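Examination of the molecular architecture
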Amino acid sequence: MTSVTLHSDELRSLLLSRIRDVPDYPKPGVLFKDITPLLADPEAFGALTGVLAGLCRERGATKVVGLEARGFILAAPAAVQAGIGFVPVRKAGKLPGATLAQAYELEYGSAEIEIHAEDLTPEDRVLVIDDVLATGGTAEASLRLIRRSGAQVAGVAVLMELSFLPGRVRLEPALEGAPLDVLITV
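Everything numeric in this text was worked out from a predicted model, so none of it was measured.

1. Notes on the overall build of the chain
Within the chain one finds six helices and nine strands. Radius of gyration (C-alpha) of the chain: 16 Å, near the 16 Å computed for a compact globule of 186 residues. Along the first, second and third principal axes, the C-alpha set of the chain runs to 40 × 40 × 30 Å. Expressed as a percentage of the 186 residues in the chain, the buried residues total 45%. Of all intrachain contacts in the chain linking residues separated by at least 6 positions in sequence, the fraction that spans at least 24 positions is 65%. Accessible area for the chain stands at about 8,800 Å²; split by element, carbon and sulfur atoms hold 54% of it.

2. Some remarks on the sheet that holds strand β9 (residues 180–185)
Through backbone hydrogen bonds, the strands of a sheet pair up, either in parallel or in antiparallel fashion. If you walk across this open sheet you meet the seven strands as β5-β6-β4-β3-β7-β8-β9, and the pairing is mixed. In the strand order of this sheet, the two ends are held by β5 (99–106) and β9, each with one partner. The mean inter-strand angle of the sheet, taken between neighbouring strand axes irrespective of direction, is 20°. Across eight bridges, the pairing between β5 and strand β6 (residues 109–116) is antiparallel. Residue pairing for β6: Y104 is matched across the bridge by A111. Strand contacts of helix α5 (residues 137–148): β3 (63–67), β5, β6, β7 (125–133) and β8 (152–161), with the helix running at about 150° to β5, the strand carrying the most contacts. Each of β5, β7, β8 and β9 touches helix α6 (residues 167–175); the most contacted strand, β9, lies at about 165° to it.

3. Some points on the packing of aromatic side chains
For the coordinates displayed, the defined rule picks out two aromatic pairs. Arranged with centres 5.2 Å apart and planes meeting at 80°, the rings of Y25 and F32 form a pair that is edge-to-face. We classify Y25 as partly exposed; its relative accessible area is 45%. Ring geometry for F72 versus F86: centroids 6.1 Å apart, planes at 80°, classification edge-to-face. You can see F72 sitting in helix α4 (residues 70–82) and its partner F86 sitting in strand β4 (residues 85–91), a full 14 residues away along the chain.

4. Quick word on the layout of surface pockets
Over the atoms rolls a probe the size of a water molecule, and its path tells where empty space is left. What the largest pocket holds in volume is close to 1,200 Å³. Lining the largest pocket are 38 residues, with R70, V132, A134, T135 and L162 positioned closest to its centre. Those elements that place two or more of their residues in the lining of the largest pocket are β2 (31–34), β4, β5, β6, β7, α5 and β8. Top element by residues in the lining of the largest pocket is β7. It accounts for four residues.

5. A look at the side chain of H116
With respect to the helices and strands, H116 occurs in strand β6. We classify H116 as buried; its relative accessible area is 15%. Leaving out residues up to four positions away in the same chain, H116 has contacts with L95, P96, A98 and T99.

Each value, and the rule that gives it
- Residues numbered from 1 in each chain as written.
- Predicted model: local features only at pLDDT ≥ 70, side-chain atom pairs only at ≥ 80, totals over all residues.
- Heavy atoms only, no water.
- Helix = DSSP H or I, 4+ residues; strand = E, 2+ residues; numbered from the N terminus.
- Rg over C-alpha atoms; globule rule 2.2 N^0.38 Å.
- Buried < 20%, exposed > 50% of the residue type's maximum accessible area, 1.4 Å probe, protein only.
- Contact = heavy atoms within 4.5 Å.
- Areas by Shrake-Rupley, 256 points an atom, 1.4 Å probe, with all protein chains shown as cover.
- Pairing = 2+ DSSP bridges.
- Axes fitted to C-alpha atoms, helices over the stretch in contact; angles between N-to-C directions.
- Phe/Tyr/Trp six-rings, centres within 6.5 Å; stacked < 30°, edge-to-face > 60°.
- 1 Å grid on protein atoms, 1.4 Å probe; cavity = no way out; pocket = protein on both sides within 12 Å on 5 of 7 lines; lining within 4 Å.
- Points joined across faces, edges and corners; volume = space filled by probe spheres on them.

Next comes the structure, spelled out in structure tokens:
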């Protein structure tokens, strides 16, 4: 697994300055990293979109998978800017028609995600984009879905990695050598 430092200190500072800390959300003791101020700032959101689109091109991606829900917001404009398709990965039961599903374990319990069965083909190279790498469960499950569809994994790109959580360690085996690109580590 590789972590690529692609981004200048200026870009990192811009992005960090637009991420708001919200103490005790969604429960006491949690410091939530709110990206909505970043999304509201056209300079910061545009810079982030440009970097993600550049990663799509650099990794040879033909499709981008965005993870529900904030991953959609980051992945869709990056896909458009890169000139490639966007495929949403949704919570189970949210997509109509034929789907592929993947269950995964959470800290307390389990969850399931789905993609449309026909949206990825063996010719596709897929870059997964999400806002945060925390425990790594959703990203790991998305890689399994991509491979089950027959497509290749081009890598995973996240805005922010929470280094105090085990996401990187959990994700590493599922990457099978594909790159992990992290813009900000907190």
